[in-house]
Amino acid sequence: MTVTATEIWRQRTTTVAAAEKNLSALSLALSQQTERAFHSVELVVEATALSIEAAGGLERAGTETLHNVLRARITGVPQISGLAVINAQGRVVNGARLFPSPTDDRSGLDYFIQHRDTLSNAILISPTRPSLVDGRAIIPVSRRVSAPDGSFQGIIVATVDPDYFQQSFRRALPAEGGASAIFRSDGILLARTPAVDGMAPGRSYGHLPIFRPDAPRHGLGWGASPMDGAVRILAYDRLDLYPLIVNVSLQESALLADWYGNSGRLALAAAMATLLLGGAAFILVRQSRREEEFVVALRDSEQRLRFAQYALDHAADMVFWIDAEARILYANDAAGSRLGYAPTALVGMPIDRIDPHFSSDFWPRLLRRLKQRGTVRFETTNLTADGGAYPAEVAANCVAFAGADYVCAFVRDISQRKLAEAALAEKTAKLEASNAELEQFAYVASHDLREPLRMVSSFVTLLARRYGPLLTDEAREFIAMAQDGAVRMDRLILGLLEYSRVGRQERPLVPVPLAEMTAQALRALAVAVEEAGATVEVAPDLPRVMANEEELLRLILNLLGNALKYRHPDRLPVVTVGWRREGPEVVYWVADNGIGIAPQYHERVFGIFQRLHSRERYEGTGIGLAICKKIVERAGGRIWIESTPDLGSTFYFSLKVA
Ligand code: ADP
């Protein structure tokens, strides 16, 4: 096959243009992947800082619990080879995966010194160096931990494995002549694939043009490599979130090998290069997505953690985490302030300092019970820092984490509730006593008052009978009025006696059929119904209610009697008895078309001796409805009126359904 020089040159240009395009895409994809990988690391470092704050500061960060938290946190972040928490003296207090021993002094590390002397919580990416633990290369990513007042507490350092990037770059690059590297923006090399003698990570290449501060964010170029002298086509990207630069390059000789050979496979070579780079970019994009999902999940869980932490810190109730040895691991702000301790002073304290019931020998038993039952609620007494005590309500739950048992206790100060309960009990007792006294008084008074009244009444009758014929008409009228008064007084006393009798003995409530009671009452009122020319309608299927039979009959008699008595002068009485179910209760009513009651009297008519009419118009003592109210209320029900003056009234009462 013959190819013209122009054609060959055209094909070279096509190959190069395709390679440049794909190299740019690859550089962008690798830089995004790198950014996400560092972002995951930053989130872990941030979350660790948060856990340390939650555990009560770096002073208390040495616990097994925190160690487990850290270990769980770096699971799924393969680029992190180790995590260490270092205190202000440079001693390692906690860590996960690979971390130095507590006896090692890290205060001389340059990033330790930098964090100590700079008041910033931003993360720092240090040059690649050999690990002091196992000699393998690490990229330290660290952050300062500050006390609330800003003073230096220590640092958190995550060591990132450069091999993680080298491997994933290798997968993305073409097999021949491809290279990729991560630099800090000051030119220090962090990782490169393939490894080249003399190009060690940690060394600075700051003199190269791409590290100039005014270099563009993204670039493409040709040139001889400062490492191996080979001519390369190179693309680079500067990261947005971190001061890092990622580059990808391809050796010109590899790209144009076939072109130099002027072979007919040139087009194929171009296509291959395109495919290789394009495919690699595709793989990377997919990988990046997975990274991105992980970062999003991590960010979500961090956010949930922050929400939960905020809620705990600001809860009104006290919250404690207690370990299997009965020591407090965590106490929220409410606990500190109610008990009178500084927020961190509670951490590590044995729980029996706060609740003496939980002595070290009782604690294992409680733990066992909690494990069986899940949650246990009880009331107890808590001791405060100043020796005070208050009643508390506790809901304790047993929770297992990483093979160990913990107790999460929600504690509420119930002193106010206890005071209110005591006050209420005292008031109720007083009220009951005065009620009993009043009933006793009414009973005795009415009983004893009838005796002299009977005497007055009999002597007045004797007077009328024996001396009546000798007296004037006026004197006989006076005697008749005195007799009338005595009879009325007797009725009032009887009413009072009856009123005081209602509920004097505790009679149990039993199922009583409303239908039968209504029928009995109507039989007793047959004459009155007849005389009034009244129509009475009773709803069918009246249910049974919980009541005392005698009292229920009295109640219905009073209501039906009133419905007949307070009839309208212009029409014949129509009385309707009805009912309805309302949840666990039955509402029973007696409706009439009588004179009605004005709204302002709807409450008053239930009072003792409360009457709205003169004796001349309607006979009565004014005690019937008071008795009704007492009967209904003693059976746990309610009585009320609906009425329109001149149209009629409906008296309702509710009782428990039987
Ligand atoms: P008494 O009927 O002996 O006067 P009650 O206690 O039974 O006493 O009733 C109190 C007052 O309520 C009555 O005086 C009357 O004014 C009013 N009242 C009771 N029932 C009715 C009714 N069905 N219609 C109109 N008014 C009534």
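Predicted model, so just to flag it, every value in this text is computed and none were measured.

A. Looking closely at the overall build of the protein chain. Across its full length, the protein chain holds 14 helices and 23 strands. Evaluated residue by residue, the protein chain yields a buried proportion of 43% over its 658 residues. Within the protein chain, contacts between residues separated by at least 24 positions form 58% of all contacts whose residues are at least 6 apart in sequence. When the accessible surface of the protein chain is summed, it comes to about 34,300 Å², and 56% of that surface belongs to carbon and sulfur atoms.

B. View of the confidence of the model for the protein chain. Scored by pLDDT, the protein chain has a mean of 85; 89% of the residues are at 70 or more. Here residues 258-271 scores under 50 on pLDDT; set against residues more than four positions off or in separate chains, the count is 15 contacts.

C. Highlighting the nonpolar core. Judged by nonpolar contacts, the single largest core of 43 residues is most densely connected at F38, L83, I125 and F165. Secondary structure elements with two or more residues in this core: α1 (5-54), α2 (64-74), β1 (80-87), β5 (137-146), β6 (152-160), α4 (162-172), β10 (231-238) and β11 (244-251). Tallying contributions element by element places α1 first for this core, with 10 residues. For I125, the contacting residues outside a window of four places in its chain are F38, I139, P140, V141, R184, L190, Y242 and L244. Counting 39 residues, the second-largest nonpolar core is a separate cluster that includes V529, A534, V545 and L564.

D. Spatial organisation of the environment of G348. Within the secondary structure, G348 sits in the loop between α7 (333-339) and α8 (363-373). Looking at G348, the relative accessible area reads 33%, which means it is partly exposed. For the pair G348 and D323, spaced 25 residues apart in sequence, the C-alpha to C-alpha distance is 9.5 Å.

E. Highlighting the packing of helix α11 (residues 514-524) against helix α13 (residues 549-565). Across the interface, α11 lies against α13 with an axial gap of 9 Å and an inter-helix angle of 55 degrees. Classified by the angle between their axes, α11 and α13 sit oblique to one another. Between α11 and α13 lies a crossing of right-handed hand. In contact with L514, M517, T518, Q520, A521, L522 and A524 of α11, α13 contributes E549, L552, L553, I556, L557 and L560.

F. View of the sheet that holds strand β15 (residues 389-401). The antiparallel open sheet is built from five strands, whose spatial order is β13-β12-β16-β15-β14. On the outer flanks of this sheet lie β13 (328-331) and β14 (375-383), each paired with one strand and no other. Across the sheet, the mean angle from the axis of one strand to that of its neighbour is 30 degrees, orientation sign disregarded. Here 10 bridges tie β15 to strand β16 (residues 404-413), and the two strands are oriented antiparallel to one another. When the sheet's bridge partners are listed, N397 is paired in β16 with C408. Across the sheet, α8 lies against β12 (318-323), β14, β15 and β16, angled at about 150 degrees from β14, the strand it touches most.

G. The site of the ligand, seen in detail. The ligand sits among 21 residues. The nearest are N562, Y566, D592, R611 and L625. With respect to the ligand, the side chain of Y566 contributes an N or O atom lying 2.7 Å from an oxygen atom. For the ligand, an oxygen atom lies 3.3 Å from a polar atom in the backbone of G624. Against a free-state accessible area of 530 Å², the protein chains account for coverage of 97% of the ligand. When residues of the shell around the ligand are traced back to their parent elements, those giving at least two are α13, α14 (624-634) and β23 (648-656). When its residues are assigned to classes, the shell around the ligand shows nine nonpolar, nine polar and three charged.

H. Inspection of the sheet that holds strand β20 (residues 574-582) at higher detail. Strand order in this open sheet of five strands is β18-β20-β21-β23-β22, and the pairing throughout is mixed. Single-partner strands in this sheet number two, and they are β18 (535-538) and β22 (638-644). The sheet shows a mean angle of 15 degrees between the axes of neighbouring strands, direction not considered. Here α13 sits on the sheet and contacts β20, β21 (585-591), β22 and β23; the angle it forms with β23, its principal contact strand, is near 170 degrees.

I. Structural view of the packing of helix α10 (residues 473-501) against α14. Closest axis-to-axis distance for the α10/α14 pair is 9 Å, and the angle between their directions is 5 degrees. Considered as vectors, α10 and α14 are oriented roughly parallel to each other. Contact residues: G495, E498, Y499 and S500 in α10; A626, I627 and K630 in α14. Class assignment of the residues belonging to the contact of α10 with α14 gives a composition of three nonpolar, two polar and two charged.

J. Broad picture of unusual backbone geometry. Along the chain, T193 connects to P194 via a cis peptide bond; the corresponding omega equals -5 degrees. Within the secondary structure, P194 is located in the loop between β8 (189-193) and β9 (218-224). In the Ramachandran plot, A326 falls in the positive-phi region, its phi being about 65 degrees despite a non-glycine side chain. Looking at where A326 falls in the secondary structure, it is placed in the loop between β12 and β13.

K. Structural context of the pattern of salt bridges. As enumerated under the stated definition, the model contains 24 salt bridges in all. Taking the shortest distance from any N to any O, the salt bridge between K629 and E633 comes out at 3.0 Å. Taken together, the residues K629 and E633, both in helix α14 and four residues apart, mark about one turn of the helix. By relative accessible area, which is 43% here, E633 ends up partly exposed. Here the salt bridges do not stand alone but share partners, grouping E379, E393, R417, K418 and E421 into one network.

Parameters at a glance
- Starting from 1, residues in each chain are numbered consecutively following that chain's sequence as written.
- Per-residue local features of the predicted model are confined to residues with pLDDT of at least 70, and side-chain atom pairs are confined, for both listing and counting, to 80 or more; whole-chain, interface and lining totals are unaffected and use all residues.
- Heavy atoms from the whole structure form the basis of all side-chain values; hydrogens and water molecules are not counted.
- Only DSSP runs of H or I with at least four residues qualify as helices, and only runs of E with at least two residues qualify as strands; both kinds are numbered from the N terminus onward.
- Accessible area is worked out with a 1.4 Å probe on protein chains only. A residue is then buried under 20% of its type maximum, exposed over 50%, and partly exposed in between.
- Only heavy atoms matter for contacts: two residues are in contact if any of them lie within 4.5 Å across the pair.
- To be clear on the numbers: accessible area is Shrake-Rupley with a 1.4 Å probe, and residue cover counts the displayed protein chains and nothing else.
- pLDDT is a residue-level measure of predictor confidence that goes from 0 to 100.
- Working definition of a nonpolar core: buried Ala, Val, Leu, Ile, Met, Phe, Trp, Tyr and Cys residues. They are joined through side-chain atoms within 4.5 Å.
- To obtain an axis, a line is fitted to C-alpha atoms, over the contacting stretch when the element is a helix, and the angle between two such axes runs from 0 to 180 degrees between their N-to-C directions.
- We call two directions roughly parallel when the angle between them is under 35 degrees, roughly antiparallel when it is over 145, roughly perpendicular when it lies between 65 and 115, and oblique otherwise.
- Should the near helix be turned anticlockwise from the far one by less than a right angle, the crossing is termed left-handed; should it be turned clockwise, right-handed.
- Here, any two strands with at least 2 DSSP bridges between them count as paired.
- Neighbouring residues are identified by heavy atoms, a residue being near a molecule or strand if any of them is within 4 Å of it.
- Any pair of nitrogen or oxygen atoms within 3.5 Å is treated as a polar contact; in protein, a donor-acceptor pairing is required on top of that, and neighbouring residues in sequence qualify only through side-chain atoms on both sides.
- Residues were grouped as follows: Ala, Val, Leu, Ile, Met, Phe, Trp, Tyr, Cys and Pro as nonpolar; Asp, Glu, Lys and Arg as charged; and all remaining residues, including Gly, as polar.
- By salt bridge we mean one thing: a side-chain nitrogen of Lys or Arg within 4 Å of a carboxyl oxygen of Asp or Glu.

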